[in-house]
Amino acid sequence: MSTAGKVIKCKAAVLWELKKPFSIEEVEVAPPKAHEVRIKLVATGICRSDDHGVNGSLVACLPVILGSCLDTVEINTIKESVLSSSPGDKVIPLFVPQCGECNVCKHPEANLCQKGDLKESQGTLNDGTCRFTCRGKPIHHFLGTSTFTQYTVVNEMSVAKIHEDAPLEKVCLIGCGFSTGYGSAVKVAKVTQGSTCAVFGLGGVGLSVIMGCKAAGAARIIAVDINKDKFARAKQVGATECINPQDYEKPIEKVLKEVSGGGVDFSFEVIGRLETMMSSLLCCQEAYGVSVIVGVPPNAQTISMNPMLLLTGRTWKGAIFGGFKSKESVPKLVSDFMAKKFSLDQLITHVLPFEKINEGFDLLRSGKSVRTILTF
Ligand code: PAD
Ligand code: ZN
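Just so it is clear, the structure is predicted and the values come from calculations on it, not from any experiment. (Residues numbered from 1 in each chain as written. Chains lettered and ligands numbered in written order. Predicted model: local features only at pLDDT ≥ 70, side-chain atom pairs only at ≥ 80, totals over all residues. Heavy atoms only, no water.)

Draft legend 1. Summary view of the coordination of the zinc ion (ligand 2). Taken together, the protein ligands of the zinc ion (ligand 2) are Cys99 (SG), Cys102 (SG), Cys105 (SG) and Cys113 (SG), with distances of 2.3 to 2.4 Å. In this structure, the zinc ion (ligand 2) is surrounded by four donor atoms whose angles at the metal cover 103 to 119 degrees, and the resulting shape is tetrahedral. Each donor residue of the zinc ion (ligand 2) lies on the same chain, and together they follow the pattern C-x2-C-x2-C-x7-C. Each member of the pair cysteine 99 and cysteine 102 is classed as buried. (Donors = N, O, S within 2.8 Å, 3.2 Å for Na, K, Ca; no water. Tetrahedral: all angles 85-135°; square planar, octahedral: opposite > 155°, others 65-115°. Buried < 20%, exposed > 50% of the residue type's maximum accessible area, 1.4 Å probe, protein only.)

Spelled out as structure tokens, the structure:
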């Protein structure tokens, strides 16, 4: 039976208050408006950025249905809009859209489309309204995606059609964590053959950075984490050595400079802490090192730094979503996955039914999981 033009009632994980558990509720999902699609979720991942949502440091528009990243879905209904996707297509929602028209989209290298909802989140779709209602109240969107729900509505510039045979419960990671890490190495840092890299933080994103460094031909990949349980997996994806800063008296940047003979070529902060951002900058070679910020700091915090650190020749940069233009890159990355150019298995530690979302967040916060996939 067609659902076109009708409200769909389904289950969603609603966050009514910051720092509280999700509540599984029946929500009403309005039909899509022009240039929007309503999609049926099949699998979605749980990401640290969603935890920033729970803590209020990424978005504070409550109540809200979170779920920024790591999602895969099937188009269910399309109304009033001419889209490249049709019912039955497999798609991945994009927390950074690609409108194709703004200055950033037209720039050959940049990817932070100006139509996104990342910088000053409104918690709505682009027309300023919400498609979710629960207990008579409008429920906000998150980064234009909101995937912790059986059905969601997104703008057409926030969704990419992918290979029809793609395994959704794996390629959902291409919607966020994998691409963010992998692109930070191959596209943002542009890691070179034979180079030495240091990666701070070995969560799902950090492991993906390691995979990118390896793919780019790095000779040494030094993995850094205070949780030594992360080391075995880091080695499996390509780390050549692992260091726990807590095993040393001296600061980690000094240790890394010593083991690399004066500083690494490329360093990555994939935790989201100011101290490790500075360590990551300091550990790269002063005349030609490139340091990339990937981690998102939990609150609006600032760093003070000595300009000499850059005057000597270092490059300090950062990017969202690995610098990939989302709509055009996600289908290509999925095809690369299908062609076995990389594996996602090492990133997936847990698979839970959607209703167990709170358990999934506990696993992330305790450091026991890399990525938990929620299935619908
Ligand atoms: P995660 O929490 O799974 O991994 C973080 C890792 O850092 C864990 O293994 C910790 O043990 C480790 N760690 C914590 N403190 C320290 C420390 N002081 N020194 C060394 N290691 C430490 O997170 P994740 O991999 O899901 O995400 C990592 C960051 O990337 C996080 O800030 C997230 O918000 C950000 C992110 N950014 C984008 C983007 O587009 N830039 C996308 C997705 C995630
Ligand atoms: Zn744009």
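Moving on from the coordinates now.
Draft legend 2. View of the sheet that holds strand S11 (residues 220–224). With respect to topology, six strands assemble into an open sheet ordered S12-S11-S10-S13-S14-S15, the strand pairing being parallel. At either margin of the open sheet sits one strand with a lone partner, and together these are strand S12 (241–243) and strand S15 (315–318). When the angles between neighbouring strand axes are averaged without regard to direction, this sheet yields 20 degrees. In terms of strand pairing, strand S10 (residues 196–200) meets S11 through five bridges, oriented parallel. Its bridge partner lying in S11, cysteine 197 is registered against isoleucine 221. (Pairing = 2+ DSSP bridges. Helix = DSSP H or I, 4+ residues; strand = E, 2+ residues; numbered from the N terminus. Axes fitted to C-alpha atoms, helices over the stretch in contact; angles between N-to-C directions.)

Draft legend 3. Examining the pairing of strand S17 (residues 371–375) more closely. Of all five residues making up S17, four are buried, and the element is well covered by its neighbours. In the sheet, strand S3 (residues 36–45) pairs with S17 via three bridges, with the strands oriented antiparallel. Paired with alanine 43 across the bridge in S17 is threonine 375. Note that strand S16 (residues 348–353) and S17 share five bridges and pair parallel.

Draft legend 4. A look at the site of ligand 1. Contacts to ligand 1 come from 27 residues, most closely from Arg48, Asp225, Ile271, Val296 and Phe321. In this structure, an oxygen atom belonging to ligand 1 sits 3.5 Å away from a main-chain N or O atom of glycine 203. Side-chain polar atom of arginine 371 to an oxygen atom of ligand 1: 3.1 Å apart, as the coordinates give it. Contact with the protein chains covers 90% of the free accessible surface of ligand 1, which is 870 Å². Of all the secondary-structure elements, those providing two or more residues to the shell around ligand 1 are helix H1 (48–55) and helix H5 (204–215). (Near = heavy atom within 4 Å. Polar contact = N/O pair within 3.5 Å; in protein donor to acceptor, adjacent residues only side chain to side chain. Areas by Shrake-Rupley, 256 points an atom, 1.4 Å probe, with all protein chains shown as cover.)

Draft legend 5. Geometry of the packing of helix H4 (residues 177–189) against H5. Between H4 and H5, the least distance of the axes is 7 Å, while the angle of their chain directions is 40 degrees. When the axes of H4 and H5 are compared, the pair comes out oblique. By crossing handedness, the relation of H4 to H5 is classed as right-handed. In this structure, H4 contributes Gly177, Phe178, Thr180, Gly181, Tyr182, Ser184, Ala185 and Val186 to the contact, and H5 contributes Val205, Ser208, Val209, Met211, Gly212, Cys213 and Ala215. Of the residues that constitute the contact of H4 with H5, the class distribution is nine nonpolar, six polar and no charged. (Parallel < 35°, antiparallel > 145°, perpendicular 65-115°, else oblique. Left-handed = near helix turned anticlockwise from the far one by under 90°. Contact = heavy atoms within 4.5 Å. Nonpolar A, V, L, I, M, F, W, Y, C, P; charged D, E, K, R; others polar.)

Draft legend 6. Summary view of helix H10 (residues 326–338). A rise of 1.5 Å per residue sets the reference length of H10, with its 13 residues, at 18 Å; its end C-alpha atoms lie 18 Å apart and thus fit the reference within 8%. All of the buried residues in H10 are Ser326, Ser329, Val330, Leu333, Val334 and Phe337. Buried residues in H10, looked at end-on, bunch into an arc of 140 degrees, giving them a common side. For H10, the elements touching its buried residues are strand S5 (90–93), strand S9 (159–161), helix H3 (168–171) and H4. Once H10 ends, the next one or two residues include lysine 340, with phi positive near 60 degrees. (Expected span 1.5 Å × (residues − 1). Arc of directions from axis to C-beta.)

Draft legend 7. Expanded view of unusual backbone geometry. For the peptide bond that leads from leucine 62 to proline 63, omega is -15 degrees, which places it in the cis range. Locating proline 63 in the fold gives a position in the loop between H1 and strand S4 (71–78). Positioned with a positive phi, serine 146 is a non-glycine residue whose angle comes to about 50 degrees. Along the chain, serine 146 falls in the loop between strand S7 (137–139) and strand S8 (151–155). The backbone of lysine 340 shows a phi angle near 60 degrees, a positive value even though the residue is not glycine. With respect to the secondary-structure elements, lysine 340 resides in the loop between H10 and S16.

Draft legend 8. The arrangement of the side chain of serine 291 in detail. Following the sequence through the fold, serine 291 ends up in strand S14 (residues 290–293). A distance of 2.9 Å separates the side chain of serine 291 from the side chain of serine 267, its partner in a polar contact. Separated by 3.2 Å, the side chains of serine 291 and serine 280 make a polar contact. Apart from residues lying up to four places away in sequence, serine 291 is in contact with Ser267, Ser280, Leu281, Cys284, Thr315, Trp316 and Lys317.

Draft legend 9. Region of the structure containing the packing of H1 against helix H11 (residues 357–365). Here H1 crosses H11 at 105 degrees, and the two axes come no closer than 11 Å. Of the possible angle classes, the one that applies to H1 and H11 is roughly perpendicular. On H11, the residues that touch Arg48, Asp50, Asp51 and Val54 of H1 are Phe361, Leu364 and Arg365. The residue makeup of the contact of H1 with H11, split by class, is three nonpolar, no polar and four charged.

Draft legend 10. Spatial organisation of the nonpolar core. If you look at the biggest cluster of nonpolar residues, it comprises 89 residues, and the most contacted ones within it are Phe148, Ile174, Phe178, Val191, Ile210 and Phe268. Of all the elements, H5 adds the most residues to this core, at six residues. Ignoring sequence-local partners within four residues, the contact set of phenylalanine 268 consists of Ser184, Ala185, Ala189, Val191, Cys197, Ala198, Val199, Phe200, Val209, Cys213, Ser280 and Val292. Ile222, Val224, Ile243 and Leu256 belong to the second-largest nonpolar core, a separate cluster that totals eleven residues. (Core = buried A, V, L, I, M, F, W, Y, C linked by side-chain atoms within 4.5 Å.)

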